[in-house]
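Chain by chain, the residues:
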Amino acid sequence: MTEENNTSSNDTPDMATDQPIEDRVNNRSQRPSSDAFKEFMAGQWAPADTTLPPEDAVAPFAAKRRLGLSQRFPGERLVIPAGPLKVRSNDTDYRFRPHSGFAHMTGLGLDHEPDAVLVFDPVEEGTGDDGGNHRATLYFRPMAGRDTEEFYSNSRSGEFWIGQRPTLPELRARLGIPTAHMDEALEDAITRGAGNTALGGVRIRLLRDVDLNCDALVDTSRINTGVDLEESDKLDAELPEALSELRLVKDEWEIEQMRAAVDATMNGFHDVARALPRAVEHKRGERVVEGAFFSRAREEGNDLGYDTIAASGNNATVLHWMRNSGQVNSGDLILVDAGVEADSLYTADITRTMPVNGKYTEIQRKIYQAIVDAQDAAFAVAKPGTTFRDLHTAAITVLAERLDAWGLLPVPLEEALADTGQQHRRWMPHGTSHHLGLDVHDCAQARRDMYLDGILEPGMVFTIEPGLYFKAEDLAVPEEYRGIGVRLEDDVLVTEDGCVNLSAELPRTPDEIEAWMARVQAG
Ligand code: GLY
Ligand code: MN
Ligand code: MN
């Protein structure tokens, strides 16, 4: 199916060579353009239900988040776009997902709302929403009436094509944010009174590179009012930084979402364990594993939080193996790194490395146990007051010690552990932890002193994911190690006096995994 223009193909033969390229997508079919058709299409539809929905549970939490942002930028206009639909190819779009900063500030999850823009308009300090410094308004394209041409002719926003979407009053009721039609009011809302602050203009801060239309609107306004573009770029960059930092500590509602995402992901791993016998029989067994997890992601959540890594044998030593085109062979390990994204767009990020035939070999078990011990060392320091950096130090020290005990380090342990050494990182070149939330690598624009050097606080959620990767081509290790990659990844919530492993119910140690696989595969 494709959206059609209203030009009958019968009246275009002479235009064949003059027809603009962008119109030719309509050449394969036609929609009637007669007035009679339009008139008939405009009538005899049941009226839309105008009952207002209740407020979303997230609304009061999102209001608090907006207050946090408002307090950081008094007197400035903040422009936070959701972003447009993204073209996959030609006239086919990806499923819509808003920018995570927009989702956090509004509480809007799946499907909401392409092209929408949240604008914080500055007011006198302390007189704005919830005593803040701004009034926020959500600009979006509401569902068109059934008597409009958009209803049946617009394949990207028409109800006939994509189903019902919210109206202005509906979204206002759900979110507690005033709403306005973007086509009628957005340009004015962004540019009104904007300009050089020295001359009494309002400074705009834009979340750039999310929506080209917003970028163009703001840039044009800046040029027209003599605002320095380079300086503005620097000021703009503080907005994604603030949006990232406001997400470092999750609120109660977000923690609930994280638990839901983790629970669905653990269910996906049970499906993976069940699918392994079939994967062994298939010439692209890794795809069988990927597919088993994906079904669960769509059934219980919105989607995957990131592309699944289903990596068997030596593929497990490729850190971002997402081709998943390999065979799954008995006697090998399979590393599966996968996360379900909930409808609220919060994602889990879990890894298990399983023996394909249900039993670890001696060397596989030895390596796996080192990873378990490294993860335990990181769990032990995951509590308020520890720096984020300490998580990595705790885990990597255990791995370095183990590599030393196995005789694999080319230098004494102390020399490897020194900043000037670090030879052990050959086998674990990635970090041990990252924040987790709306993005799998959440809060990525936070400043270093808030992230790596930041102090853990209750409400933070992050991964602990040590691994060791001995490539088949790695001549620095004895042959028995080669072609083995192991990672173990769990999702952790910091509490008042320690942490909870949100994914603790998923078997983790070698014995637990063997028992689990036997259980699951026995049906
Ligand atoms: N799945 C990506 C990561 O573990 O960071
Ligand atoms: Mn991770
Ligand atoms: Mn992962």
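Every chain begins its residue count from 1, and numbering advances along the sequence as written. Written order determines the labels here, with chains lettered from A and ligands numbered from 1. Restriction of local features to residues with pLDDT of at least 70 applies here, the model being predicted, together with a cutoff of 80 or more for giving and counting side-chain atom pairs; totals for whole chains, interfaces and linings are based on all residues. Values shown for side chains rest on all heavy atoms present in the structure; no hydrogens or waters enter the calculation.

This is how it is decided: UniProt positions are given in the numbering used here, feature names are shortened, and annotations may be inferred rather than shown by experiment.
The protein chain carries the name Xaa-Pro aminopeptidase in an unreviewed UniProt entry, which gives Zhihengliuella halotolerans as its organism. Under the UniProt heading Cofactor (unreviewed entry), the note attached to the protein chain is "Mn(2+)". Of the comments in the UniProt record for the protein chain, the one headed Catalytic activity (unreviewed entry) reads "Release of any N-terminal amino acid, including proline, that is linked to proline, even from a dipeptide or tripeptide."

1. Observations concerning the site of ligand 1
Here is the rule: Near residues are defined by distance, with any heavy atom within 4 Å of the molecule or strand qualifying the residue. Between N or O atoms, a polar contact is any pair within 3.5 Å; within protein, one atom must be a potential hydrogen donor and the other a potential acceptor, and residues adjacent in sequence are included only when both atoms are from side chains. Every accessible area reported is derived by Shrake-Rupley at a probe size of 1.4 Å, with residue values counting cover from the shown protein chains alone. Residues are grouped as follows: Ala, Val, Leu, Ile, Met, Phe, Trp, Tyr, Cys and Pro are nonpolar; Asp, Glu, Lys and Arg are charged; every other residue, Gly included, is polar.
Taken together, Tyr306, Asp337, Asp349, His434, His441, Glu465 and Glu489 make up all the residues around ligand 1. Within the contact set of ligand 1, a nitrogen atom lies 3.1 Å away from a side-chain nitrogen or oxygen of Asp337. Glu489 places a polar side-chain atom, nitrogen or oxygen, 3.2 Å from an oxygen atom of ligand 1. Bound to the protein, ligand 1 loses 89% of the 200 Å² it would expose on its own. Taken together, the residues of the shell around ligand 1 break down into one nonpolar, two polar and four charged.

2. Topic: the coordination of the manganese ion (ligand 3)
Reference values for coordination geometry: four tetrahedral donors around a metal ideally subtend 109.5 degrees, six octahedral donors ideally subtend 90 or 180 degrees. Defined as follows: Each metal's donors are the N, O and S atoms within 2.8 Å of it, or within 3.2 Å when it is Na, K or Ca, and because water is not part of the set, sites may look incomplete. Angle rules define the geometry names used: all angles between 85 and 135 degrees makes four donors tetrahedral, while opposite donors over 155 degrees apart and all other angles between 65 and 115 make four donors square planar and six octahedral, leaving every other case irregular. The numbering of helices and of strands both runs from the N terminus, where a helix is a DSSP run of H or I of at least 4 residues and a strand a run of E of at least 2. Each residue is assigned to one of three classes by its accessible area relative to the maximum for its type, calculated with a 1.4 Å probe on protein chains only: buried under 20%, partly exposed between the two thresholds, exposed over 50%.
Protein coordination of the manganese ion (ligand 3) is provided by Asp337 (OD), Asp337 (OD), Asp349 (OD) and Glu489 (OE), with donor distances spanning 2.1 to 2.3 Å. Taken together, the six donor atoms coordinating the manganese ion (ligand 3) span angles of 58 to 173° at the metal, a pattern that classifies the geometry as irregular. Each donor residue of the manganese ion (ligand 3) belongs to the same chain, with the gaps between them written as D-x11-D-x139-E. Here the manganese ion (ligand 2) and the manganese ion (ligand 3) are spaced 3.2 Å from one another, each receiving a donor from Asp349. Residue Asp337 is found in strand S10 (residues 333-338), and its partner Asp349 is found in the loop between strand S11 (340-341) and strand S12 (350-355); the two are separated by twelve residues along the sequence. Per residue, the accessibility class of Asp337 equals that of Asp349, and both read buried.

3. Observations concerning the coordination of the manganese ion (ligand 2)
In the first shell of the manganese ion (ligand 2), the protein supplies Asp349 (OD), His434 (NE2), Glu465 (OE) and Glu489 (OE), at 2.0 to 2.2 Å from the metal. Geometry at the manganese ion (ligand 2) is irregular, judged from its six donor atoms and the angles of 51 to 154° they form at the metal. Written as a sequence motif, the donor arrangement for the manganese ion (ligand 2) is D-x84-H-x30-E-x23-E. A residue is classified by how much of its surface remains accessible, and Asp349, at 3% relative accessible area, is buried.

4. Structural notes on the pattern of salt bridges
Formally: What counts as a salt bridge is simple: a side-chain nitrogen of Lys or Arg found within 4 Å of a carboxyl oxygen of Asp or Glu.
Tallied over the full model, the rule gives 39 salt bridges. Where Glu241 meets Arg72, a salt bridge forms, and the shortest distance between an N and an O atom there is 2.8 Å. Taken as a pair, Glu241 in helix H9 (residues 229-245) and Arg72 in helix H2 (residues 59-72) lie far apart in primary sequence, 169 residues in all. Residue Arg72 is classed as partly exposed on the basis of its relative accessible area of 32%.

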